[in-house]
Amino acid sequence: MSTEESIYGDQLPRLEEVRQQLVRKVQEVRDEMIREKGFDPVEHCLSRIKSEESMREKCRRKGFPETTESALEKIYDAVGIRVVCSFLSDVYVIRDHLASMPGVTVMEEKDYIRHAKPNGYRSFHMILRVNGSVYAEIQLRTISQDTWAALEHQMKYKKNLNGNTELIVGELKRCADELASTDVSMQTIRDMIVSSDS
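Bear in mind the structure is a predicted one, so any value in this text is a computation, not a measurement. (Residues numbered from 1 in each chain as written. Predicted model: local features only at pLDDT ≥ 70, side-chain atom pairs only at ≥ 80, totals over all residues. Heavy atoms only, no water.)

Peer 1: Run through the packing of helix 5 (residues 143-157) against helix 6 (residues 165-197), naming residues and quoting values.
Peer 2: Two elements in contact, helix 5 and helix 6, have axes separated by 10 Å at closest approach and are oriented at 170°. Comparing the axis directions of helix 5 and helix 6 gives the class roughly antiparallel. Of the residues in helix 6, those in contact with Ser144, Gln145, Trp148, Leu151, Glu152 and Met155 of helix 5 are Ile168, Val169, Leu172, Cys175, Ala176, Leu179 and Asp183. When the residues that make up the contact of helix 5 with helix 6 are grouped by side-chain class, the tally is 9 nonpolar, 2 polar and 2 charged. (Axes fitted to C-alpha atoms, helices over the stretch in contact; angles between N-to-C directions. Helix = DSSP H or I, 4+ residues; strand = E, 2+ residues; numbered from the N terminus. Parallel < 35°, antiparallel > 145°, perpendicular 65-115°, else oblique. Contact = heavy atoms within 4.5 Å. Nonpolar A, V, L, I, M, F, W, Y, C, P; charged D, E, K, R; others polar.)

Laid out in C-alpha coordinates, this is it:
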(Lines give C-alpha, C1' and ligand atoms only; values in the text may rest on other atoms or scores of the structure.)
Protein backbone atom coordinates (compact mmCIF):
# COMPACT_ATOMS: atom_id res chain seq x y z
CA MET A 1 0.00 0.00 0.00
CA SER A 2 1.47 3.36 -0.97
CA THR A 3 1.80 6.25 1.48
CA GLU A 4 -0.97 8.16 -0.35
CA GLU A 5 -3.45 5.37 0.40
CA SER A 6 -2.51 5.09 4.08
CA ILE A 7 -5.12 6.27 6.54
CA TYR A 8 -2.18 7.88 8.37
CA GLY A 9 -1.22 9.93 5.30
CA ASP A 10 2.48 10.80 5.57
CA GLN A 11 2.41 10.71 9.40
CA LEU A 12 3.63 7.14 9.99
CA PRO A 13 7.24 8.26 10.69
CA ARG A 14 5.92 10.69 13.32
CA LEU A 15 3.82 7.95 14.93
CA GLU A 16 6.82 5.63 14.95
CA GLU A 17 8.97 8.33 16.54
CA VAL A 18 6.45 8.78 19.39
CA ARG A 19 6.15 5.01 19.86
CA GLN A 20 9.93 4.74 20.22
CA GLN A 21 10.10 7.79 22.51
CA LEU A 22 7.58 6.26 24.95
CA VAL A 23 9.24 2.82 24.88
CA ARG A 24 12.62 4.48 25.54
CA LYS A 25 11.15 6.30 28.55
CA VAL A 26 9.83 3.03 30.01
CA GLN A 27 13.27 1.48 29.49
CA GLU A 28 14.95 4.45 31.21
CA VAL A 29 12.71 3.99 34.27
CA ARG A 30 13.51 0.26 34.29
CA ASP A 31 17.26 0.91 34.10
CA GLU A 32 17.08 3.55 36.83
CA MET A 33 15.12 1.31 39.22
CA ILE A 34 17.40 -1.68 38.59
CA ARG A 35 20.39 0.58 39.36
CA GLU A 36 18.90 2.27 42.43
CA LYS A 37 16.63 -0.39 43.95
CA GLY A 38 17.92 -3.65 42.52
CA PHE A 39 14.70 -4.73 40.79
CA ASP A 40 12.99 -4.28 37.43
CA PRO A 41 9.49 -2.79 37.80
CA VAL A 42 8.40 -4.08 34.39
CA GLU A 43 7.73 -7.66 33.41
CA HIS A 44 7.35 -6.74 29.72
CA CYS A 45 6.43 -3.82 27.48
CA LEU A 46 4.56 -4.16 24.19
CA SER A 47 4.03 -1.39 21.68
CA ARG A 48 2.41 -0.99 18.30
CA ILE A 49 1.04 1.40 15.74
CA LYS A 50 -2.56 0.41 15.05
CA SER A 51 -2.81 -1.44 11.75
CA GLU A 52 -4.49 0.23 8.77
CA GLU A 53 -7.30 -2.31 8.87
CA SER A 54 -7.95 -1.90 12.62
CA MET A 55 -7.91 1.89 12.36
CA ARG A 56 -10.33 1.90 9.42
CA GLU A 57 -12.63 -0.52 11.24
CA LYS A 58 -12.56 1.68 14.37
CA CYS A 59 -13.42 4.76 12.29
CA ARG A 60 -16.42 2.92 10.83
CA ARG A 61 -17.52 1.66 14.25
CA LYS A 62 -17.41 5.18 15.70
CA GLY A 63 -19.10 6.73 12.66
CA PHE A 64 -16.07 8.76 11.59
CA PRO A 65 -14.93 9.11 7.97
CA GLU A 66 -11.89 6.96 7.13
CA THR A 67 -9.51 9.90 6.92
CA THR A 68 -6.11 10.88 8.31
CA GLU A 69 -7.82 13.53 10.44
CA SER A 70 -10.07 10.89 12.05
CA ALA A 71 -7.16 8.53 12.63
CA LEU A 72 -4.95 11.16 14.25
CA GLU A 73 -7.38 13.65 15.85
CA LYS A 74 -10.56 11.74 16.75
CA ILE A 75 -9.23 8.31 17.67
CA TYR A 76 -6.60 8.33 20.37
CA ASP A 77 -4.89 4.97 20.07
CA ALA A 78 -2.95 5.10 16.80
CA VAL A 79 0.07 4.54 19.07
CA GLY A 80 -0.46 1.94 21.78
CA ILE A 81 1.83 0.92 24.65
CA ARG A 82 1.08 -1.82 27.18
CA VAL A 83 3.34 -2.03 30.20
CA VAL A 84 2.97 -5.12 32.38
CA CYS A 85 4.41 -4.55 35.84
CA SER A 86 5.36 -6.96 38.59
CA PHE A 87 3.62 -5.09 41.42
CA LEU A 88 0.81 -2.58 41.89
CA SER A 89 3.09 0.25 43.03
CA ASP A 90 5.19 -0.17 39.87
CA VAL A 91 2.12 0.66 37.74
CA TYR A 92 1.92 4.08 39.40
CA VAL A 93 5.69 4.67 39.23
CA ILE A 94 5.59 4.14 35.45
CA ARG A 95 2.46 6.31 35.22
CA ASP A 96 4.17 9.20 37.02
CA HIS A 97 7.28 9.02 34.83
CA LEU A 98 5.29 8.99 31.59
CA ALA A 99 3.05 11.86 32.77
CA SER A 100 6.06 14.03 33.66
CA MET A 101 7.87 13.61 30.32
CA PRO A 102 8.67 16.91 28.57
CA GLY A 103 6.25 17.51 25.71
CA VAL A 104 3.64 15.12 27.15
CA THR A 105 0.13 16.20 28.16
CA VAL A 106 -2.15 13.76 29.99
CA MET A 107 -5.50 14.07 28.20
CA GLU A 108 -7.38 11.39 30.10
CA GLU A 109 -6.81 8.79 32.83
CA LYS A 110 -8.99 5.91 33.95
CA ASP A 111 -7.92 3.96 36.99
CA TYR A 112 -9.65 0.60 36.62
CA ILE A 113 -7.32 -0.79 39.30
CA ARG A 114 -8.83 1.27 42.12
CA HIS A 115 -12.24 1.28 40.41
CA ALA A 116 -12.61 -2.04 38.57
CA LYS A 117 -15.12 -2.46 35.77
CA PRO A 118 -18.22 -4.48 36.74
CA ASN A 119 -16.85 -7.59 34.99
CA GLY A 120 -13.67 -7.46 37.11
CA TYR A 121 -11.35 -5.82 34.54
CA ARG A 122 -8.46 -3.96 36.17
CA SER A 123 -5.87 -1.80 34.44
CA PHE A 124 -4.68 1.81 34.40
CA HIS A 125 -5.39 3.65 31.13
CA MET A 126 -3.90 6.93 29.97
CA ILE A 127 -4.34 8.98 26.82
CA LEU A 128 -1.26 11.11 26.21
CA ARG A 129 -0.75 13.85 23.67
CA VAL A 130 2.92 13.80 22.74
CA ASN A 131 4.82 16.73 21.22
CA GLY A 132 1.56 18.63 20.82
CA SER A 133 0.26 16.41 18.06
CA VAL A 134 0.33 12.61 18.42
CA TYR A 135 -2.06 10.74 20.71
CA ALA A 136 -1.01 7.53 22.43
CA GLU A 137 -2.97 5.12 24.58
CA ILE A 138 -1.07 3.61 27.50
CA GLN A 139 -2.26 0.56 29.42
CA LEU A 140 -0.49 -0.24 32.67
CA ARG A 141 -1.28 -3.40 34.60
CA THR A 142 0.14 -6.15 36.77
CA ILE A 143 1.01 -9.64 35.53
CA SER A 144 -2.14 -11.12 37.06
CA GLN A 145 -4.31 -8.36 35.57
CA ASP A 146 -2.75 -9.03 32.17
CA THR A 147 -3.35 -12.78 32.41
CA TRP A 148 -6.98 -12.16 33.39
CA ALA A 149 -7.48 -9.67 30.52
CA ALA A 150 -6.07 -12.19 28.01
CA LEU A 151 -8.55 -14.83 29.19
CA GLU A 152 -11.48 -12.39 29.14
CA HIS A 153 -10.46 -11.33 25.61
CA GLN A 154 -10.51 -14.99 24.50
CA MET A 155 -14.00 -15.43 25.90
CA LYS A 156 -15.26 -12.28 24.18
CA TYR A 157 -14.21 -13.54 20.74
CA LYS A 158 -15.32 -17.15 21.22
CA LYS A 159 -18.54 -17.61 19.28
CA ASN A 160 -19.93 -20.66 21.06
CA LEU A 161 -19.52 -21.22 24.79
CA ASN A 162 -21.98 -24.16 24.89
CA GLY A 163 -24.45 -22.21 27.00
CA ASN A 164 -21.79 -21.64 29.70
CA THR A 165 -21.49 -17.88 29.20
CA GLU A 166 -23.08 -16.91 32.53
CA LEU A 167 -21.00 -19.45 34.46
CA ILE A 168 -17.77 -18.34 32.76
CA VAL A 169 -18.52 -14.64 33.35
CA GLY A 170 -19.18 -15.36 37.03
CA GLU A 171 -15.99 -17.39 37.39
CA LEU A 172 -13.96 -14.69 35.63
CA LYS A 173 -15.32 -12.05 38.03
CA ARG A 174 -14.49 -14.27 41.03
CA CYS A 175 -10.95 -14.82 39.69
CA ALA A 176 -10.50 -11.08 39.08
CA ASP A 177 -11.36 -10.36 42.71
CA GLU A 178 -9.05 -13.12 44.00
CA LEU A 179 -6.20 -11.90 41.80
CA ALA A 180 -6.74 -8.32 43.03
CA SER A 181 -6.50 -9.53 46.61
CA THR A 182 -3.33 -11.48 45.76
CA ASP A 183 -1.81 -8.40 44.09
CA VAL A 184 -2.36 -6.43 47.31
CA SER A 185 -0.83 -9.23 49.42
CA MET A 186 2.18 -9.52 47.11
CA GLN A 187 2.67 -5.74 47.27
CA THR A 188 2.58 -5.86 51.08
CA ILE A 189 5.19 -8.63 51.15
CA ARG A 190 7.41 -6.76 48.68
CA ASP A 191 7.13 -3.57 50.79
CA MET A 192 8.16 -5.51 53.90
CA ILE A 193 11.19 -6.97 52.08
CA VAL A 194 12.22 -3.54 50.75
CA SER A 195 11.79 -1.82 54.15
CA SER A 196 13.89 -4.49 55.88
CA ASP A 197 16.81 -3.43 53.65
CA SER A 198 16.69 0.21 54.73
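Peer 1: Quick rundown of the packing of helix 1 (residues 12-37) against helix 4 (residues 88-99)? Include the residues and the values.
Peer 2: Two elements in contact, helix 1 and helix 4, have axes separated by 10 Å at closest approach and are oriented at 125°. Considering their axes alone, helix 1 and helix 4 lie oblique with respect to each other. The interaxial crossing formed by helix 1 with helix 4 has right-handed handedness. Here Leu22, Lys25, Val26, Val29, Glu32 and Met33 of helix 1 lie close against helix 4, whose contacting residues are Asp90, Val93, Ile94, His97 and Leu98. The class makeup of the residues in the contact of helix 1 with helix 4 is 7 nonpolar, 1 polar and 3 charged. (Left-handed = near helix turned anticlockwise from the far one by under 90°.)

Peer 1: Any details on the environment of methionine 101? Residues and values, ideally.
Peer 2: Locating methionine 101 in the fold gives a position in the loop between helix 4 and strand 3 (104-111). A relative accessible area of 7% means that methionine 101 is categorised as buried. Each C-alpha atom, one on methionine 101 and one on glutamate 17, is 15 Å from the other, the two residues being 84 residues apart in sequence. Each residue touching methionine 101, except ones within four places of it in the same chain, is listed here: Gln21, Leu22 and Lys25. (Buried < 20%, exposed > 50% of the residue type's maximum accessible area, 1.4 Å probe, protein only.)

These figures capture arrangement, not role.
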